[in-house]
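Now for the letters of each chain:
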Amino acid sequence: MNEEFVKAMFNECRVGSAAGINIFEVREGYAKGSLVLKKEHINVFGSAHGGIVFMLADHVGGACGNTLGKKAVNVESSIQYFKPALEGMTLFAEACLTYKGKRIGRIEIKITNDKSEEIAVMHTVFFITDEQHKE
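Model, not experiment: these values are computed from the prediction. (Residues numbered from 1 in each chain as written. Predicted model: local features only at pLDDT ≥ 70, side-chain atom pairs only at ≥ 80, totals over all residues. Heavy atoms only, no water.)

### Here's the deal with the overall build of the protein
Okay, step 1: Along the backbone of the protein there are 3 helices and 6 strands.
Okay, step 2: When the elements of the protein are put in sequence order from the N terminus, they spell out α-α-β-β-α-β-β-β-β.
Okay, step 3: Every one of the 135 residues in the protein was classed for burial, and the buried ones make up 41%.
Okay, step 4: Restricting the contact set of the protein to residue pairs at least 6 apart, pairs at least 24 apart contribute 63%.
Okay, step 5: Here the protein has roughly 7,300 Å² of accessible surface; of this, 51% comes from carbon and sulfur atoms.
Okay, step 6: Averaging the locations of the 16 positively and 17 negatively charged side chains of the protein gives two centres separated by 3 Å. (Helix = DSSP H or I, 4+ residues; strand = E, 2+ residues; numbered from the N terminus. Buried < 20%, exposed > 50% of the residue type's maximum accessible area, 1.4 Å probe, protein only. Contact = heavy atoms within 4.5 Å. Areas by Shrake-Rupley, 256 points an atom, 1.4 Å probe, with all protein chains shown as cover. Lys, Arg positive; Asp, Glu negative; His and termini not counted. Charge placed at Lys NZ, Arg CZ, Asp CG, Glu CD.)

### Let's talk about the sheet that holds strand β6 (residues 118–132)
Okay, step 1: Taken together, 6 strands build an open sheet; the order of strands is β1-β2-β4-β5-β6-β3 and the sheet is antiparallel. Of all strands in the sheet, those with a lone pairing partner are β1 (22–27) and β3 (70–81), marking the two edges. Shown here is a sheet whose adjacent strand axes are inclined to one another by a mean of 20°, direction ignored.
Okay, step 2: One ladder, built from 10 bridges, connects β3 with β6; its direction is antiparallel. Within β6, the position partnered with S78 by the bridge is H123. (Pairing = 2+ DSSP bridges. Axes fitted to C-alpha atoms, helices over the stretch in contact; angles between N-to-C directions.)

So this is what it looks like as structure tokens:
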């Protein structure tokens, strides 16, 4: 697994880049990234839109799933929100592989703020293709 390749692939993704997501740590079965919350990320109630938190978790989880050397794609995700996140906060997403079969894997992604408070947790199931990454 080429860590720099996976980091570059996800940091150059147009969706993640547009949102401001940065993947800064990758190793087999693990990824970590961050997002600084801007006014564009804030909902009508003054906290981060749930879709923004979901996107951060999904993006970092995707990087984690792709550390196995093959193209991996999301099958299903669920997220639980515990605490609001506010403009100016930095959110961190830490994704850990919790199960790897021949074709299916499972990842847990914890979202915390810059005070180490847990904001949300996502569980995702992904499909491991036969397609090797082209580095």
